[in-house]
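# Descriptive analysis of the structure
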Amino acid sequence: MSPVFKDLANAIRFLSIDAVQKANSGHPGLPMGMADVATVLFKYYLRFNPKNPEWINRDRFILSAGHGSMLLYSLLYLTGYKSISINDIKSFRQLNSICAGHPEYEKNTGIETTTGPLGQGLSNAVGMAIAEEILAKKFGANLINHKTYVIASDGDFMEGISHESMSLAGHLKLKNLVVFFDNNKISIDGPTNLSVSDNYRKRFESYGWSFQEINGHDEKQISKAIKKSLNSKKPNIISCKTIIGYGSPNKAGKSSSHGAALGESEVELVRKKLKWKYKAFEIPKEILQEWRKIGEKGMLQEKKWNQNYNRKSKKIKDEFFRITNDKLPNNFDQIIQQQKKKIFDLKSNMASRKSSAFVLEEITNSLTELIGGSADLSGSNNTNTKHSVVIKPKNFKGNYIHYGVREHAMAGIMNGMALHKGIIPYGGTFLVFLDYCKPSLRLSALMGLKVIYIFSHDSIGLGEDGPTHQPIEHLVHLRAIPNLNVFRPADTIETLECWELALKNSNTPSVIALSRQKLPFITETLMNKNMCGLGAYEIKKSNNNPEITLIASGSEVHIAIEAFEKLKDLGINSKVVSMPCQELFNKQSKEYKEKIIEKNSFKISIEASSIQGWEKYVGPEGASLGMKSFGKSAPIKDLYEYFNLTSDNVVKLAQKMLGK
């Protein structure tokens, strides 16, 4: 190891050690152990430009082992990113510091994704590698040809999402994906052999990955392994044998260096052992200058790329700019209005999952950046259309991914595609299988990504498959997640409007919950305005002083309409409110909300799901019809009668409220 290289790597180590020590909180072991690998990667191979962190053809660097976040922050500071100053390093893990405990995605900073929940970054990286292949096929490999590099830990590979993601990556032969395995054989509890005895080579090679094993502290071995990976026809994993807490006389190679500050006395011993003569947070001018030179290489690389980009035709440049800047086509509103009129004229009764397919037929033909998929439920979710072209190994000229039975990976991969830019991902499964992908969905919301989740079979209305497949608590779970819009449309018009809202929202992911069963067409008046954008709106009203307000979503709106007609026959004034999105309704003005909910009337909510959350709309004197237990296996009609989700039951409840 050359003296210059050693100093560059030690700059990472000591910034990390000092920041963790000052915060008295953090994970110093990984940055100390992987500093050599990171230095080789950034010095010789990684293509990036600190002056323009969002350059679309940069190599992506993902720290999946997010607990080692100081490795990333140190690299960003040392290479000259404006987003991270030495004062930011000093405020590691403090309130509102960009140097959070685990990396938190922020545009234009060099922090490519939010990691910490292990395995997520690895899955995101697979999504980024897929996005690279799709865009390279669409615009040419001389315009998009970057690598995606990942640092992953033992814990990343213990999480099940790693199996799902790596299996799909191997199947698709994502040759531009390179994963560095920080193989230090230590976890929080102690040696990894407490819980793991995997043969990693056999495991990863069985996925179809290229596997190399090296000394993670040997500059030449690291460089040789990366160089070899550049010409691979498969995804690559480089197992780096490292020492966690490298340089610590008493804690190197031990779990004690994993998740806690080393302690002042041990920090001084590390300085002595590694011959680092500088004070806390002090990086000598010559070492910092050397790191800044590494960062400056990217300016020339981007300049050459821009020259190549400028040689492209105006048509290609316009489309490239549009999709990489998240702009919808100029005629998008016109497309929506034309389709809305077509739907209204047809007035077809259909399951909302089929309504979604009807909508997708048009928009997938117009939005080339829309990449769909399903976790082995394409025919049930209706996520593929006649315009869907399946993406296959070595052929990414398509717009549809068969994820297999890998819900968790699907969600993590969609996050990666959205983070990459140039792709709007959507993916489908049953709503009950939210449980398999919620960690990634939560991160979609935390990062503010345009990811669209299609969850069909959204209630007991799926029928005979029974309680294992009937979602009960799932809508409540979803509505509890900040920055997530949960849509449950009642007919094809509402489904179109929900899709429009999802596609126009750049900073909030969307869930579109869809029925298995056929639903009646309920829209009576064709409106240019997107009514679902209000979150809730009036469907029917018998007069201006309703005694009862019926609030429903999705497949239960028609039950409310039936009850409205029966109440009308009984001389009871009522109104029907469709509430396809609680989150959007909650953002409306106080005046609008009071107008829709009718505060002087009795309120009844109807949804074939858990009743939790509806109390804020129906109030203390209102009532909620829904599920208070798991479902049952039976035909849909029998289930709705058994659980009292009928218009007759709504009428009885209304009469009881009114004392009639």
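Here the structure is shown first, and the text comes after it.
Report follows, based on the coordinates. Keep in mind the model is a prediction, meaning the values are calculated, not measured. (Residues numbered from 1 in each chain as written. Predicted model: local features only at pLDDT ≥ 70, side-chain atom pairs only at ≥ 80, totals over all residues. Heavy atoms only, no water.)

### Focus: the sheet that holds strand E7 (residues 236-241)
Here five strands make up an open sheet; going across it, the order is E1-E2-E3-E7-E6 and the pairing parallel. Both edges of this open sheet fall to strand E1 (60-63) and strand E6 (210-215), since each of them pairs with a single strand only. Across the sheet, the mean angle from the axis of one strand to that of its neighbour is 20 degrees, orientation sign disregarded. On the sheet, helix H2 (residues 29-45) packs against E1, strand E2 (148-153), strand E3 (177-183) and E7 and is oriented at approximately 155 degrees with respect to E3. Lying over the sheet, helix H5 (residues 120-139) contacts E1, E2 and E3, oriented at roughly 165 degrees with respect to E2. (Pairing = 2+ DSSP bridges. Helix = DSSP H or I, 4+ residues; strand = E, 2+ residues; numbered from the N terminus. Axes fitted to C-alpha atoms, helices over the stretch in contact; angles between N-to-C directions. Contact = heavy atoms within 4.5 Å.)

### Focus on the side chain of Thr 364
Mapped onto the secondary structure, Thr 364 falls in helix H14 (residues 352-366). For Thr 364, a relative accessible area of 7% corresponds to the buried category. Each residue touching Thr 364, except ones within four places of it in the same chain, is listed here: Leu 370, Thr 385, His 387, Asn 399 and Tyr 426. (Buried < 20%, exposed > 50% of the residue type's maximum accessible area, 1.4 Å probe, protein only.)

### Quick notes on the packing of aromatic side chains
Enumeration according to the criterion identifies 28 aromatic pairs in this entry. Arranged with centres 4.9 Å apart and planes meeting at 80 degrees, the rings of Trp 276 and Tyr 278 form a pair that is edge-to-face. Trp 276 gets classed as buried once you look at its relative accessible area, which sits at 4%. What links up through ring pairs into an aromatic cluster is the set Phe 157, Phe 181, Tyr 200, Phe 204, Tyr 207 and Phe 211. If you follow Arg 292 out to its NZ or CZ, it ends over the ring of Tyr 77, 5.2 Å from the centre. A cation over a ring is seen here: Lys 347 above Phe 344, with NZ or CZ 3.6 Å from the ring centre. (Phe/Tyr/Trp six-rings, centres within 6.5 Å; stacked < 30°, edge-to-face > 60°. Lys NZ or Arg CZ within 6 Å of the ring centre and 35° of its normal.)

### Section: the packing of helix H1 (residues 3-23) against H2
Interaxial distance between H1 and H2 falls to 8 Å at its minimum, and their mutual angle equals 130 degrees. By the angle between their axes, H1 is oblique relative to H2. H2 is crossed by H1, and the crossing has right-handed handedness. Contact residues: H1 offers Phe 5, Leu 8, Ala 9, Ile 12, Arg 13, Ser 16 and Ile 17, while H2 offers Pro 31, Met 32, Ala 35, Asp 36, Ala 38, Thr 39, Val 40 and Lys 43. Among the residues making up the contact of H1 with H2, the classes are represented as 10 nonpolar, two polar and three charged. (Parallel < 35°, antiparallel > 145°, perpendicular 65-115°, else oblique. Left-handed = near helix turned anticlockwise from the far one by under 90°. Nonpolar A, V, L, I, M, F, W, Y, C, P; charged D, E, K, R; others polar.)

### Re the pairing of E1
Of the two faces of E1, the one holding Arg 60 and Ile 62 and the one holding Phe 61 and Leu 63 are both buried throughout. Here four bridges tie E1 to E2, and the two strands are oriented parallel to one another. Looking at E2, one finds that Leu 63 is bridged to Ile 151.

### Quick look at helix H3 (residues 69-79)
Side chains that are three or four residues apart share a direction in an α-helix, a result of its 3.6 residues per turn. With 11 of its 11 residues buried, H3 lies for the most part within the structure. Where H3 is concerned, the buried positions are Ser 69, Met 70, Leu 71, Leu 72, Tyr 73, Ser 74, Leu 75, Leu 76, Tyr 77, Leu 78 and Thr 79. Looking at the buried positions of H3, the neighbouring elements they touch are H1, H2, E1, helix H4 (86-90), E2 and helix H11 (285-310). Positive backbone phi, approximately 100 degrees, marks Gly 80, located one or two places after H3.

That's the geometry; what it means functionally is another story.
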